[in-house]
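Descriptive structure summary
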Amino acid sequence: MMLSIPDVLNAEQLQQCRAALEGGNWQDGRLTAGHQAVNVKANQQLAQDDPLTQQLGDFILACLAQHPRFMAAALPLKVVPPRFNRYTEGGTYGDHIDNAVFSVPGTPHRIRADLSATLFFCEPDEYEGGELVVQDKRIKLPAGHLILYSSGSLHRVEPVTRGARLASFFWVQSLVRQDEQRSVLLELDDSIQALRQQVPDSPELVRLTGIYHNLLRQWTQT
Ligand SMILES: O=C(O)CCC(=O)C(=O)O
Ligand SMILES: [Fe+2]
């Protein structure tokens, strides 16, 4: 699954997040890299226990919970508290596959990464390079947009050779672990929503919506 989710943040929300992030206490991203990633990671991040990480992370989670397209596509069960990174002056993150399981600091909770997400804070023309390359697809979205992709995918961030790329990144444990099943549910949901516009009184809508929920019931893992 790879999906672009537009307008997670509006212009005013973006402006507020960016202003806060620009004054952030940026640290070497290698501090949180594992044995493998430490060799390919050259970016900056906010510490996970930085109050700004927690404040902006909570804000982003609240925006996501209000976003019907994100909810329909990701079917989130748990979301790792969002983190923040910055790439400047050749900053990059070479090919890697994300960890399978993340601990939530200060809690006993562990979250399986089914989906990886990057929320872009900068417009594409504000920086050179910095594309997220996921299995040969090159992704550089407008500010406020989010890319959602399977956590099992090999990916990298190309070097940023001009300007700065600010982003939030996080992982989702989905109610539906299998990508193919989640994709079927999203297609069915899209089709039901379209029918609801065209024939709002059709009794078939009741049946199709029931089928959606019955498939979700079969495929949900909690
Ligand atoms: O900056 C990004 O878009 C992705 C970062 C990433 O791949 C990671 O932190 O694992
Ligand atoms: Fe990654």
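Residues numbered from 1 in each chain as written. Chains lettered and ligands numbered in written order. Predicted model: local features only at pLDDT ≥ 70, side-chain atom pairs only at ≥ 80, totals over all residues. Heavy atoms only, no water.

**Things to note about the sheet that holds strand β7 (residues 92–96)**
Using the following cut-off: Two strands form a pair only when DSSP identifies at least two bridges running between them. Secondary structure follows DSSP: runs of H or I at least 4 residues long count as helices, runs of E at least 2 residues long count as strands, and numbering of each begins at the N terminus.
Overall, antiparallel pairing links the 5 strands, which are arranged β3-β7-β15-β12-β13 in an open sheet. Across the chains shown, the open sheet's two edge strands, defined by having one partner strand only, are β3 (41–42) and β13 (137–139).

**Overview of the nonpolar core**
Spelled out, the test is: Only buried residues count toward a nonpolar core, which is a set of Ala, Val, Leu, Ile, Met, Phe, Trp, Tyr and Cys residues joined through side-chain atoms within 4.5 Å. Only protein chains enter the accessibility calculation, which uses a 1.4 Å probe; a residue whose area is less than 20% of its type maximum is buried, one above 50% is exposed, and one in between is partly exposed.
One finds F121, L146 and L148 to be the most contacted residues of the largest nonpolar core, which totals 46 residues. In terms of residue count, the dominant contributor to this core is helix α2 (residues 51–65) (5 residues). L75, L185, L205 and Y212 belong to the second largest nonpolar core, which has 10 residues in total.

**A closer look at the UniProt feature "domain: Fe2OG dioxygenase" (unreviewed entry) in the protein**
Keep this limit in mind: UniProt positions are given in the numbering used here, feature names are shortened, and annotations may be inferred rather than shown by experiment.
Taking the numbering used here, the UniProt-annotated feature "domain: Fe2OG dioxygenase" (unreviewed entry) corresponds to residues 78–174. Strand forms 57% of residues 78–174 and helix 0%; the C-alpha atoms that close the span are 7 Å apart.

**Focus on the pairing of strand β14 (residues 146–150)**
When a strand is regular, its side chains alternate between the sheet's two faces. In terms of burial, β14 is a largely internal element, 5 of the 5 residues being buried. Taken together, the 5 bridges between strand β10 (residues 115–120) and β14 define a ladder with antiparallel strand orientation. The partner of A117 across the bridge, within β14, is L148.

**Brief notes about the site of ligand 1**
Operational definition: Throughout this document, a residue counts as near a molecule or strand when at least one of its heavy atoms sits within 4 Å of that molecule or strand. Whenever two N or O atoms come within 3.5 Å, that pair is a polar contact, provided that in protein one can donate a hydrogen and the other can accept it, and provided that, for residues adjacent in sequence, both atoms are side-chain atoms. Computed by Shrake-Rupley with a 1.4 Å probe, the accessible areas treat only the displayed protein chains as cover when residues are assessed. Cavities and pockets are defined on a 1 Å grid built over the protein atoms alone: a cavity is a set of grid points where a 1.4 Å probe fits but cannot escape, while a pocket is an open set with protein on both sides within 12 Å along at least five of seven lines, and lining residues are those with an atom within 4 Å of any such point. If over half the atoms of a molecule are within 2 Å of the grid points of a cavity or pocket, the molecule is regarded as sitting in it. Throughout this entry, Asp, Glu, Lys and Arg are counted as charged residues, while Ala, Val, Leu, Ile, Met, Phe, Trp, Tyr, Cys and Pro are counted as nonpolar. The remaining residues, Gly among them, count as polar.
Taken together, N85, Y87, Y93, H96, D98, T118, L132, H155, V157, R165, F169 and W171 are the residues near ligand 1. At a separation of 2.8 Å, an oxygen atom of ligand 1 approaches a polar side-chain atom of Y87. One of the side-chain N or O atoms of H96 is found 3.1 Å from an oxygen atom in ligand 1. Compared with its free state, where it exposes 290 Å², ligand 1 has 96% of that area covered by protein. More than half of the atoms of ligand 1 fall within 2 Å of the grid points belonging to the largest pocket. Those elements giving two or more residues to the shell around ligand 1 turn out to be β6 (83–88), β7, β15 (155–157) and β17 (164–174). Partitioned by chemical class, the residues of the shell around ligand 1 number 6 nonpolar, 4 polar and 2 charged.

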